[in-house]
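Structural features, examined
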There are 2 protein chains.
Amino acid sequence: MPLDPALRAKILASVEAGFAEQIAFTQEMIRFGSLRGQEHACQDFVFRALRDRGLTMDRFGMDRAAIAAHPGGAPFSDEHSDAPIVVGIHHPREEVGRSLILQAHVDVVPTGPEKFWTHRPFDPVIEGDWLYGRGGADMKAGHAANLFCLDALRRIGLQPAATVYVQSVVEEESTGNGALMTHLRGYKADAVLIPEPEEEMLVRANTGVLWFQIEVRGVPMHVREMGAGANAIDAAYRVITALRGLEEEINAEKVGREHFENEAHPINLNIGKIEGGDWASSVPCWCKIDCRIGLYPGVSAESLARRIEDCVRGFARQDKFLANNPPQIDFNGFYSEGYVLEPGSEAEAVLGRAHEGSTGKPLKSFMTAGYLDTRVYALYDKIPALCYGPITENIHAFDERVSLASLKRITGTMALFVAEWCGVESIEG
Amino acid sequence: MPLDPALRAKILASVEAGFAEQIAFTQEMIRFGSLRGQEHACQDFVFRALRDRGLTMDRFGMDRAAIAAHPGGAPFSDEHSDAPIVVGIHHPREEVGRSLILQAHVDVVPTGPEKFWTHRPFDPVIEGDWLYGRGGADMKAGHAANLFCLDALRRIGLQPAATVYVQSVVEEESTGNGALMTHLRGYKADAVLIPEPEEEMLVRANTGVLWFQIEVRGVPMHVREMGAGANAIDAAYRVITALRGLEEEINAEKVGREHFENEAHPINLNIGKIEGGDWASSVPCWCKIDCRIGLYPGVSAESLARRIEDCVRGFARQDKFLANNPPQIDFNGFYSEGYVLEPGSEAEAVLGRAHEGSTGKPLKSFMTAGYLDTRVYALYDKIPALCYGPITENIHAFDERVSLASLKRITGTMALFVAEWCGVESIEG
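Only a predicted model underlies this, so the values are computations on that prediction, with no experimental measurement involved. (Residues numbered from 1 in each chain as written. Chains lettered and ligands numbered in written order. Predicted model: local features only at pLDDT ≥ 70, side-chain atom pairs only at ≥ 80, totals over all residues. Heavy atoms only, no water.)

With that out of the way, let us pick up the overall build of chain A. Within chain A one finds 11 helices and 22 strands. Computed over its C-alpha atoms, the radius of gyration of chain A comes to 23 Å, within 12% of the 22 Å expected for a compact globule of 429 residues. Reported as C-alpha extents along the three principal axes, the dimensions of chain A are approximately 85 × 45 × 40 Å. Residues classed as buried in chain A amount to 64% of the 429 residues present. Carbon and sulfur atoms provide 49% of the accessible area of chain A, an area that totals close to 15,100 Å². (Helix = DSSP H or I, 4+ residues; strand = E, 2+ residues; numbered from the N terminus. Rg over C-alpha atoms; globule rule 2.2 N^0.38 Å. Buried < 20%, exposed > 50% of the residue type's maximum accessible area, 1.4 Å probe, protein only. Areas by Shrake-Rupley, 256 points an atom, 1.4 Å probe, with all protein chains shown as cover.)

The next point concerns the environment of D373 of chain B. Residue and element names in this part refer to chain B. By the secondary structure assignment, D373 is in the loop between strand 18 (365–368) and helix 10 (374–381). The buried category is assigned to D373, whose relative accessible area is 1%. Once the C-alpha coordinates of D373 and V418 are considered, the two residues, 45 residues apart in sequence, prove to be 20 Å apart. If sequence neighbours within four positions are ignored, D373 has contacts with Q103, V169, E172, G176, A179 and I194. (Contact = heavy atoms within 4.5 Å.)

To continue, consider the packing of aromatic side chains. According to the stated counting rule, one finds 27 aromatic pairs over all chains in the structure shown. Between W211 of chain A and F334 of chain A, the aromatic rings sit 5.4 Å apart at their centres with planes inclined by 80°, giving edge-to-face as the arrangement. Here the residue W211 of chain A occupies a position in strand 10 (residues 208–217), and F334 of chain A occupies one in the loop between strand 15 (328–330) and strand 16 (335–336), the gap between them amounting to 123 residues. Of the two residues, W211 of chain A and F334 of chain A, both sit in the buried class. One aromatic cluster is present, formed by F25, F32, F45 and F148 of chain A through successive ring pairs. The ring of F47 of chain B carries the charged tip of R59 of chain B above its face, separated from the ring centre by 3.8 Å. Over the aromatic face of W130 of chain B sits the side chain of R401 of chain B, whose NZ or CZ is 4.0 Å from the ring centroid. (Phe/Tyr/Trp six-rings, centres within 6.5 Å; stacked < 30°, edge-to-face > 60°. Lys NZ or Arg CZ within 6 Å of the ring centre and 35° of its normal.)

Below, the discussion takes up the pattern of salt bridges. On inspection of all chains with the given rule, the structure shows 47 salt bridges over all chains. The salt bridge partner of E393 of chain A is R401 of chain A, with a shortest N-O separation of 2.6 Å. Given the relative accessible area of 18%, R401 of chain A is considered buried. Among the salt bridges present, the one from D52 of chain B reaches R51 of chain B, with a minimum N-O distance of 3.8 Å. (Salt bridge = Lys/Arg side-chain N within 4 Å of Asp/Glu carboxyl O.)

Let us look at the pairing of strand 10 (residues 208–217) of chain B. All names here are of chain B. In terms of residue burial, strand 10 counts as a mostly covered element, since nine of its 10 residues are buried. Of the strand pairs in this sheet, strand 10 and strand 14 (residues 286–295) are connected by 10 bridges, and their pairing is antiparallel. Across the sheet, L210 pairs through a bridge with I293, a residue of strand 14. Both strand 10 and strand 16 (residues 335–336) contribute to a ladder of two bridges, which runs antiparallel. Considered in strand 16, the bridge of L210 is made with Y335. (Pairing = 2+ DSSP bridges.)

This next bit is on the sheet that holds strand 18 (residues 365–368) of chain A. The pairing of strands in a sheet comes from backbone hydrogen bonds and takes either a parallel or an antiparallel form. All names here are of chain A. One open sheet holds the three strands; their spatial order is 17-9-18, and the pairing between them is mixed. Two strands in the sheet have a free side with no partner beyond their single neighbour: strand 17 (339–340) and strand 18. Pairing geometry for strand 9 (residues 202–206) and strand 17, over two bridges, is antiparallel. Considered in strand 17, the bridge of N206 is made with Y339.

With 62 residues of chain A at the interface, the matching set in chain B holds 61 residues. Counting across the chain A and chain B interface gives three salt bridges. The residue R244 of chain A makes a salt bridge to D234 of chain B at a minimum N-O spacing of 2.8 Å. Seen at the junction of chain A and chain B, the total is 21 residue pairs in polar contact (both at pLDDT 80 or more). Of all elements in the fold, only strand 10, strand 11 (221–222), helix 6 (232–252), strand 12 (269–276), strand 13 (282–283) and strand 14 (286–295) of chain A reach the threshold of two or more residues within the side of chain A that touches chain B. Sorting elements by how many residues they give to the side of chain A that touches chain B places strand 12 of chain A first, with eight residues. Residue composition of the side of chain A that touches chain B, grouped by class: 31 nonpolar, 16 polar and 15 charged. (Polar contact = N/O pair within 3.5 Å; in protein donor to acceptor, adjacent residues only side chain to side chain. Nonpolar A, V, L, I, M, F, W, Y, C, P; charged D, E, K, R; others polar.)

Residue and element names in this part refer to chain B. Here helix 5 (residues 177–184) lies mainly inside the structure; seven of its eight residues are buried. Residues of helix 5 that are buried: N177, G178, A179, L180, M181, T182 and H183. The inward-facing, buried residues of helix 5 contact strand 1 (56–60), helix 3 (64–69), strand 2 (85–90), strand 3 (100–105), strand 7 (164–169) and helix 10. Among the residues trailing helix 5, G186 stands out with phi positive, at a value near 105°.

Before going further, it helps to examine the relation of the copies chain A and chain B. Mapping chain A onto chain B calls for a rotation angle of 179° and an axial translation of 0.1 Å; the resulting RMSD is 0.1 Å. Interpreted geometrically, this transformation is the action of a two-fold axis. Residues of chain A ranked by C-alpha distance from the rotation axis are headed by E275 of chain A, positioned 2.2 Å from it. Here 97% of the contact residues of chain A are again contact residues in chain B; the copies associate through an equivalent surface. (Least-squares fit on C-alpha atoms with pLDDT ≥ 70 in both.)

Residue and element names in this part refer to chain A. Taken in spatial order, the six strands make up an open sheet running 1-2-7-3-8-19, and their pairing is mixed. Either end of the sheet is taken by a strand with one partner, and the two such strands are strand 1 (56–60) and strand 19 (385–387). The mean angle between the axes of side-by-side strands here comes to 20°, regardless of whether they run parallel or antiparallel. The sheet contact formed by strand 8 (residues 192–194) and strand 19 spans three bridges and is parallel. Its bridge partner being in strand 19, L193 is matched across the sheet by L386. (Axes fitted to C-alpha atoms, helices over the stretch in contact; angles between N-to-C directions.)

Mean pLDDT over chain A: 95, with 97% of residues reaching 70 or higher. ipTM for the predicted complex: 0.89, alongside a pTM of 0.91. (pLDDT = per-residue confidence, 0-100.)

Where interface size is given, it is often the accessible area lost as the parts come together that is meant. Residues and elements named next belong to chain A. Entries for chain A in the domain assignment read domain 1 (5–205 + 339–426) and domain 2 (208–336). Of note, the centres of domain 1 and domain 2, computed from C-alpha atoms alone, are 33 Å apart. With both chains or domains summed, domain 1 and domain 2 bury close to 1,300 Å², and 66% of this area falls on carbon and sulfur atoms. Counting across the interface, domain 1 meets domain 2 through zero salt bridges. (Domains from an automatic or database assignment. Buried area = accessible area lost by both parts, 1.4 Å probe.)

In structure tokens form, the structure reads like this:
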């Protein structure tokens, strides 16, 4: 049932009243350079922030065996984070509404060369409407909004009339094992909302993502004897070319896939990192490439992994150098399926009203071609999984930034959503 | 005048008598992991070894201004070594023969991944006739031979009857500035011999070498927005393809060039090292490649450098992404011309006799397509510059090794060469 307009106005005013504090909190989060494996201090900060708000706290690590046994679990490489997952639990006095998970991740991607940045990457500078900083847009702004949409209710003496789990995870940028671990821990609710930077739109469909590393090795040689040796960097490039062929083949398979067939290029293969060789005057004997490719919902990570292996091995067999030096393929991260949010859920309807209430515009939805933790809740909890968040620019790039006006709007949406989805009760009985 | 056969036999027997000690000395040299910039301890070891043999010592650093002003000087990058150059000077009692420079370098190229090696790279293991180790073949075996050919004379009471400079340099594997510095210091002689690993042959012609680094930079992006960003790794490969075109063009110009036109592929472009990107799921915003290319004798480094710049810039102008992100080209090492050892010199004749005396076979000559310090003496001192040394395998590769039987033979050649070229006098007058 739609919120009473007076309550709606009161909630939005409360979001407004808390917004300066929310910005400061977001800035504090950005100052933690919570790169992969370095999220400990940031997660402890989140733990204190949730506990100080009176939530019941749970903190736990990865259950490697359980993750390895799960079809949505990603392999553990040496770089895998061992930072804890933090969950703050709100129980109402009376459980009358629908329960909710509010989730966000604290891990951020590398900054790249600092010289590309206008400000230092972890310095949360505000210029006009933009708040800068690595991880601010993706997704500490949304992370803080999870807390501050509840704060907005509390400020006016209200709290959700249903259980709410505030989950703070890691490994969203590399494996998705953090979100999976909350599922394996047994948490479940009637819906989940993850405020990723989604341009104030709702994610309708989302590709899965697979990570893999390919290493080419071969006999190194002095460059004067190049005929005898073989250049591993050149060979890696030939492998990339073969993979680009597979990418095109998979993109051609968009035909007949709703949410995908009208996209120009729904499946992206990214060669994200390369390293090879040791010396300009030595023929390189090794080259490693780090790759990422998307997959359509309904396609299992396993089946795409086999297809990639077949592609690389098939190409290598007919390549003079690679036939003797078969490339190593290591699936070293994301191993996840995509998902579709089927239209028509009550959760979506509530979010639509909340969005319109906060922004004055109807909620749009779209397909996004990057990994989202929402897949865990959609695929394995089978609950409405809503991914919706602020307008941003340059995520995974230099000068990453989030619009503060948008952040306030989506925080308003979230507060209205919680109030309607969970219902509200007064804090004091 | 050819050596007296009895003296020749006596000298070769003396080389034989000292050979166990020579191997041990060579092994001691290999144990120094004298990578670029890390040659200090090794050069001090060489200093002591020369001083203990009664040579007058000179030790000096690079005169950066003088090198920068010289057409054969290579640019100084941050990686440039600041280890000293060491020269041991022998003066005879009576200067009656022809003077000589015996030169060698102590710097070695990187090992590459240790897992490729059968033994640890700086562990000088002997198996059968092979002495293993990074830098053993290239060129500590020859370096030690410079000392031990003089020791062989001393052991039978003789010393060169002319000035001999024993030069131990650095930066041979990256710039050639060490050899150039000995020239700029003012050392000069009637001939030079450098015992690089040359398969018991004499280098007749040698390519120059140019090093350059190309950096491609562009706007980094989240992979889901790949259309908006541009992949710097992909762009770097397009640049490589353009450079391969230039390589073929230059190889086609072998026609009419003596020593080169019968070679299948005299000019090699090597992409020796590549690095780019930070994260599999971020579109890479930077990629650097380290390249090395040869050049024909008579072609100036400057002119090839301009040609490379023109090639890269011309290609970039018509490439959608690169036109807006012109690659940076940095000439960061070798900037050297090739040379030809004109046949008919007296020095070559003496070396030919010495070689035949030690090995029983006539001396062959050949073209080699890698940088040699001999170019400094050939081009700027304009003296006969002899590059001749032992049989080896896998230089700049894993399991680099030198044949001990060959090392003994070429040490014999060198001792005979010194005796005939410089003449000999008894140590005690």
